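# Working through the structure, step by step
Each chain, written out:
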Amino acid sequence: MKFVISREALLKPLNLVAGVVERRQTLAILANVQLVLEGQELSLTGTDLEVELIGRVALTTPPDSEGEITVPARKLVDICKSLPDGCDIEFALDENRLILRSGRSRFTLSTLPAADFPSVDQGDDAQSFSVKQGDVKRLIEKTAFAMAQQDVRYYLNGMLWEVSNNQLRMVATDGHRLAMCTLAAELSVEKDCQVIVPRKGVNELARLLMEETQDAEILVGSNHIRVVTQGFTFTSKLIDGKFPDYDRVLPRGSTKEVLGSRDALKQAFARTSILSNEKYRGIRLQLTSGELKIQANNPEQEEAEEVVAVDYQGNDLEIGFNVSYLVDVLSVIGGDTVKLSLADANSSALLEEPDSSESAYVVMPMRL
């Protein structure tokens, strides 16, 4: 195995692949990245047994010899980053060592056999469809914040992907809030399916989808999901569990509708949050005709109050929320105006874009 590659061509796929590799490993080979050279295409693979990422890069000059090997991922990344811009790197396998040369620099890395490198098997029962990378990335970015972190309800530590004819929907919830975003697209699948993609898989995928107008082929199986683009192949195990019936969570009997400036509300919430209780992050909303008063206080007897003009013509209402949840929603929602639908002080709030039905957000109230 001997070839030459430019630093820039290698660094982009190497960085992405190394991002999958966990720093602390039970198996030594899982700290490595696998290099496979076939013809003029170099494949780089990283895995933690849950998520696998294969990056592909074409060599500009034919290699002296093909082959495959695994080398420490983090060390290879650090070496490539430390070399000067625009340089070429020569890779040469010498028995059990990989030798890297660039200019007057020389590095010798330990290796482990490629035959021992684990691969994530996709299975043969997958349904496939194609979607623009930018559309998938947008759905992820609008919902990912609501995923749970290390919840004992393991099925919440991920994102629901619901695939049906002409529709791809993503839903995330941590039990206190819910985010849902739907893409209407020309999809053709044999049968509707629901799968839960784990948190790490969702976050890695969001990093990878950089070519907005290019297609991504998505294969959904019973145990795995695979996303294939021109530059990489991403595979993730699925969470085996039943996602909550999100349709039952969406508030139906809302009688009060508030329309307000998204930016004005976001800034007012952010300022008020400074003096909210650091642990519970509670704020109080007081709705009166044409006006929303936002109040916060903390155990140090400090207080904050903001008044925002809104379009509201209903009865007075006082309700409490975790301010962080509201700011998160207003950070991802599109448009200049946000619609807030409420029923009473004990019911969840529904936040939407008035001019679009693509996304919907539910936030549970707090007792203050």
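Reference entry: report on the structure contained in this document. (Residues numbered from 1 in each chain as written. Predicted model: local features only at pLDDT ≥ 70, side-chain atom pairs only at ≥ 80, totals over all residues. Heavy atoms only, no water.)

We now examine the overall build of the protein. When you go through the protein residue by residue, the secondary structure sums to seven helices and 24 strands. Along the longest, intermediate and shortest principal axes, the C-alpha atoms of the protein span 80 × 50 × 35 Å. Contacts spanning at least 24 positions in sequence make up 66% of the contacts within the protein whose residues lie at least 6 apart. About 18,100 Å² of surface is accessible on the protein, with carbon and sulfur atoms providing 44% of the total. (Helix = DSSP H or I, 4+ residues; strand = E, 2+ residues; numbered from the N terminus. Contact = heavy atoms within 4.5 Å. Areas by Shrake-Rupley, 256 points an atom, 1.4 Å probe, with all protein chains shown as cover.)

With that out of the way, let us pick up helix α7 (residues 323-332). Taken together, the buried positions of α7 are occupied by V323, Y325, L326, V327, V329 and L330. Where α7 begins, one side-chain oxygen reaches toward the backbone nitrogen of S324, 2.8 Å away; that side chain belongs to N322. (Buried < 20%, exposed > 50% of the residue type's maximum accessible area, 1.4 Å probe, protein only. Polar contact = N/O pair within 3.5 Å; in protein donor to acceptor, adjacent residues only side chain to side chain.)

Taken N-terminus to C-terminus, the directions of helix α1 (residues 7-20) and helix α4 (residues 199-208) make an angle of 175 degrees; their axes are 10 Å apart at the nearest point. Relative to α4, the element α1 lies roughly antiparallel. Along the contact surface, α1 presents N15, L16, G19 and V20, while α4 presents K200, E204, R207 and L208. Its residues assigned to classes, the contact of α1 with α4 shows three nonpolar, two polar and three charged. (Axes fitted to C-alpha atoms, helices over the stretch in contact; angles between N-to-C directions. Parallel < 35°, antiparallel > 145°, perpendicular 65-115°, else oblique. Nonpolar A, V, L, I, M, F, W, Y, C, P; charged D, E, K, R; others polar.)

Under the criterion given, the structure shown has three aromatic pairs. Aromatic pair Y154 and Y155: ring centres 5.6 Å apart, planes at 75 degrees, arrangement edge-to-face. (Phe/Tyr/Trp six-rings, centres within 6.5 Å; stacked < 30°, edge-to-face > 60°.)

Evaluated as defined, the whole model comprises 21 salt bridges. With a closest N to O distance of 3.1 Å, R177 and D174 form a salt bridge. On the accessibility criterion, R177 (10% relative accessible area) is buried. Since its relative accessible area comes to 10%, D174 is described here as buried. Via salt bridges that share partners, D135, R138, K142, E353 and E358 belong to a single interconnected network. (Salt bridge = Lys/Arg side-chain N within 4 Å of Asp/Glu carboxyl O.)

Let us look at the pairing of strand β21 (residues 317-322). Of all six residues that make up β21, five are buried, and the element is covered over most of its length. In this sheet, β21 lies alongside strand β18 (residues 282-288) in antiparallel orientation, the contact comprising six bridges. When the sheet's bridge partners are listed, L287 is paired in β21 with L317. (Pairing = 2+ DSSP bridges.)

Here the phi dihedral of E95 falls at roughly 55 degrees; this positive angle occurs in a residue that is not glycine. Along the chain, E95 turns up in the loop between β6 (88-94) and β7 (97-102). Accessibility expressed as a relative area gives 70% for E95, which makes it exposed. Phi at Q301 takes a positive value of approximately 65 degrees, unusual for a residue other than glycine. Here Q301 shows up in the loop between β19 (291-297) and β20 (303-309). Judged by relative accessible area, which is 68%, Q301 ranks as exposed.

Taken in spatial order, the eight strands make up an open sheet running β5-β2-β3-β4-β16-β15-β14-β9, and their pairing is antiparallel. Strands at the two margins of the open sheet, each flanked by one partner only, are β5 (67-72) and β9 (127-132). The sheet shows a mean angle of 15 degrees between the axes of neighbouring strands, direction not considered. Taken together, the five bridges between strand β15 (residues 224-228) and strand β16 (residues 232-237) define a ladder with antiparallel strand orientation. Across the sheet, I225 pairs through a bridge with S236, a residue of β16. Sitting on the sheet, α1 touches β2 (32-38), β3 (41-47) and β4 (51-58), and the angle it makes with β3 is about 20 degrees. Here helix α3 (residues 133-143) sits on the sheet and contacts β9 and β14 (215-220); the angle it forms with β9, its principal contact strand, is near 90 degrees.

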